[in-house]
Amino acid sequence: AATATARGGRRGAGLRMHDGPARPKTGADWVKQEGAGSTVPLAKDSMKDQSGMREVLQMTGALVRRETRAVPVGNVYVGGNNPVVVQSMINEDTLDIDGSVAAIRRLHEAGCEIVRVTVPSMAHAFAMQYIKEKLRSTYQDVPLVADVHHNGMKIALEVANHVDKVRINPGLYVFEKPDPNRTEYTKEEFEAAKNKLKATLTPLIEKLRDQNKALRIGVNHGSLSERMLFTYGDTPEGMAESALECIRVCRELNFHNLIISMKASKVMVMLAAYRLLAKRMDAEGMDYPLHLGVTEAGDGEYGRIKSTLGIGTLLAEGLGDTIRVSLTEDPVKEIPVCYGILQGLGLRRTMVEYVACPSCGRTLFNLEEVLHNVREATKHMPGLSIAVMGCIVNGPGEMADADYGYVGKTPGKISLYRGRSEVRTVPESEGVEQLVALLKEDGVWVEPEEAKNLNPATASAGVPVPAVASK
């Protein structure tokens, strides 16, 4: 059972991000307590898996996230005081039960916490029952989202019985073929279409509400309804209005398990749409979580760059509670990109953080080779931060945020650091071996075989955890 904090916790209860075993106090270790006359230190693990805290002094550089409610999606909670959730979507035809189950399992084992499947027909909706059952009997109950599109009320009502969340696109859920002869939308026509949307949404909302399941209102820039295009144009404003219209219907029916997305293939449109929606929701007292993504980002390096620019920028501004990187590749390849974005911002720790200088004429060893050797020896220990620096001129200072350091001291000699404290100087040929010995001395070492039990979504340094989705 989820805790009360997981169910409805608000951000502000404490910072959570990995902190090393011997790091000295920095700005982020201190906060001003309300009513206190001076700053006081936080607990050592106070920044582990950071989720944000509004009371933190701006000087700390801590990321402050927008306050949202916690929405249950199966055994995972999106928003509230929970870490940003990673999700993706399988490519298999949902009618292929075995293929879909295998694809969902591959994604989940790679660290994907919520998996979406496409449900274009009633046959696909019925198939979801068997997919869920087979996952439970052969693996575990993975949180599933059904993607419903064109005129999908009947499909949505059926599939809501078998999944944890339903995703609808407001521009397609009540789809009407555009009229090529239309020159305007009158106020009466606009209201009539709005009422039709409400009537079509109401049965689904009531069904999800009664089962305590979730709904994603997933607006896409490329599929706004004709009336939104006529009224607001092909703009972020039209996207925001499309989402708000659905949100208000849900609120009228006392349904609040909502997650909202505003996706576009153009990064700047996506950024503007999410920012505008967040502003509008805050003005109306709406605290629903946001699902971030750049749709149709493409593949390869450029697809990853586009996704990082869009998702990372908004996360850095405090917006976003769950993310999906959309690549034209095997969906499993999306998961490392998601975790890379989250780790880069200090929002999740699912791998070792390596800090390394770019090398220069002062470097006292082959930095690229040594970094490779250090990584190979320690990459199975997610949660640690290890610095590899070429010399002592800037090394000790620039690696100050790392848990451990490997620094060139003199030709043929390297120094090992715990936080900012130099521990010992050893021959370069023994450097990696002695680093491992130091980790063992400090009780943070995990044997590679033990680390195989660590799930990317829930891992922390030195602590094996069950391979299950996080709550």
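I will try to describe carefully the structure that is included in this document. Keep in mind the model is a prediction, meaning the values are calculated, not measured.

About the cut-offs
- Residues numbered from 1 in each chain as written.
- Predicted model: local features only at pLDDT ≥ 70, side-chain atom pairs only at ≥ 80, totals over all residues.
- Heavy atoms only, no water.
- Helix = DSSP H or I, 4+ residues; strand = E, 2+ residues; numbered from the N terminus.
- Buried < 20%, exposed > 50% of the residue type's maximum accessible area, 1.4 Å probe, protein only.
- Contact = heavy atoms within 4.5 Å.
- Phe/Tyr/Trp six-rings, centres within 6.5 Å; stacked < 30°, edge-to-face > 60°.
- Lys NZ or Arg CZ within 6 Å of the ring centre and 35° of its normal.
- Pairing = 2+ DSSP bridges.
- Axes fitted to C-alpha atoms, helices over the stretch in contact; angles between N-to-C directions.
- Parallel < 35°, antiparallel > 145°, perpendicular 65-115°, else oblique.
- Left-handed = near helix turned anticlockwise from the far one by under 90°.
- Nonpolar A, V, L, I, M, F, W, Y, C, P; charged D, E, K, R; others polar.
- Core = buried A, V, L, I, M, F, W, Y, C linked by side-chain atoms within 4.5 Å.
- Salt bridge = Lys/Arg side-chain N within 4 Å of Asp/Glu carboxyl O.

This paragraph deals with the overall build of the chain. Scanning the chain from N- to C-terminus turns up 15 helices and 17 strands. Residues classed as buried in the chain amount to 54% of the 471 residues present. Intrachain contacts of the chain at a sequence separation of at least 6 include 66% that bridge at least 24 residues.

Scanning all chains against the criterion turns up 2 aromatic pairs. Ring plane angle 85° and centroid distance 5.7 Å describe the contact between Phe-365 and Tyr-406, whose orientation is recorded as edge-to-face. Taken together, the residues Phe-365 in the loop between strand E13 (353-356) and helix H12 (367-378) and Tyr-406 in strand E15 (residues 404-410) connect sequence positions 41 residues apart. Over the ring of Tyr-185 we find Arg-182, and its NZ or CZ is 3.9 Å from the ring centre. Lying across the ring of Tyr-354, Arg-375 places its NZ or CZ 4.9 Å from the centre.

Let us look at the sheet that holds strand E10 (residues 258-263). Spatially, E5-E6-E7-E8-E9-E10-E11-E12 is the arrangement adopted by the 8 strands of the closed barrel, whose pairing is parallel. Direction of pairing for strand E9 (residues 214-220) relative to E10: parallel, over a ladder of 6 bridges. Directly across from Val-219, in E10, lies its bridge partner Met-262.

Between two packed helices, the angle of one axis relative to the other and the distance separating the axes together describe the packing. Taken N-terminus to C-terminus, the directions of helix H9 (residues 267-283) and helix H10 (residues 300-316) make an angle of 20°; their axes are 10 Å apart at the nearest point. Taken together, the axis directions place H9 and H10 in an arrangement best described as roughly parallel. In this structure, H9 crosses over H10, and the sense of that crossing is right-handed. Residue-level contacts link Val-267, Met-270, Leu-271, Tyr-274 and Arg-275 of H9 to Lys-306, Leu-309, Gly-310, Ile-311, Thr-313 and Leu-314 of H10. Looking at the contact of H9 with H10 residue by residue, the class counts come to 7 nonpolar, 2 polar and 2 charged.

Looking now at the side chain of Ser-100. Mapped onto the elements, Ser-100 comes out in helix H2 (residues 97-109). With sequence-adjacent residues up to four places away left out, Ser-100 is seen in contact with Ile-90, Glu-92, Asp-93, Thr-94 and Ile-131.

Attention now moves to the packing of helix H8 (residues 236-252) against H9. Relative to each other, H8 and H9 sit at 40°, their axes nearing to 9 Å. The angle between H8 and H9 places the two elements in the oblique class. Between H8 and H9 lies a crossing whose hand is right-handed. Along the contact surface, H8 presents Pro-236, Glu-237, Met-239, Ala-240, Glu-241, Ala-243, Leu-244, Ile-247 and Arg-248, while H9 presents Val-269, Ala-272, Ala-273, Leu-276, Leu-277, Arg-280 and Met-281. Looking at the contact of H8 with H9, its residues break down into 12 nonpolar, no polar and 4 charged.

It is worth spelling out the nonpolar core at this point. One finds Val-166, Leu-215 and Ile-260 to be the most contacted residues of the largest nonpolar core, which totals 83 residues. Here the element with the most residues in this core is H9; it accounts for 9 residues. Dropping the residues within four chain positions of it, Leu-215 is found in contact with Lys-165, Val-166, Ile-168, Leu-204, Leu-208, Cys-250, Phe-255, Asn-257, Leu-258 and Ile-259. By size, the runner-up hydrophobic cluster in this structure holds 25 residues, among which are Tyr-406, Leu-416, Leu-438 and Trp-445.

Turning our attention to the pattern of salt bridges. Inspection of the entire model under this criterion finds 26 salt bridges. The salt bridge involving Arg-105 is made with Glu-109; its shortest N-O contact spans 2.9 Å. Here Arg-105 and its partner Glu-109 are both found in helix H2, 4 residues apart, which amounts to about one turn of the helix. On the accessibility criterion, Arg-105 (33% relative accessible area) is partly exposed. Note that Asp-210 and Arg-209 form a salt bridge whose closest N and O atoms lie 3.3 Å from each other. Members of the salt-bridge network, linked through shared partners, are Lys-132, Arg-136, Asp-141 and Asp-164.

So, about the sheet that holds E15. The mixed open sheet is built from 5 strands, whose spatial order is E13-E14-E15-E16-E17. Whereas interior strands pair on both sides, the edge strands pair on one side only; in this sheet they are E13 and strand E17 (421-427). For this sheet, the mean inter-axis angle between neighbouring strands, taken without regard to orientation, is 25°. Alignment of E15 against strand E16 (residues 413-418), held across 6 bridges, turns out to be antiparallel. Within E16, the position partnered with Gly-408 by the bridge is Ile-414.

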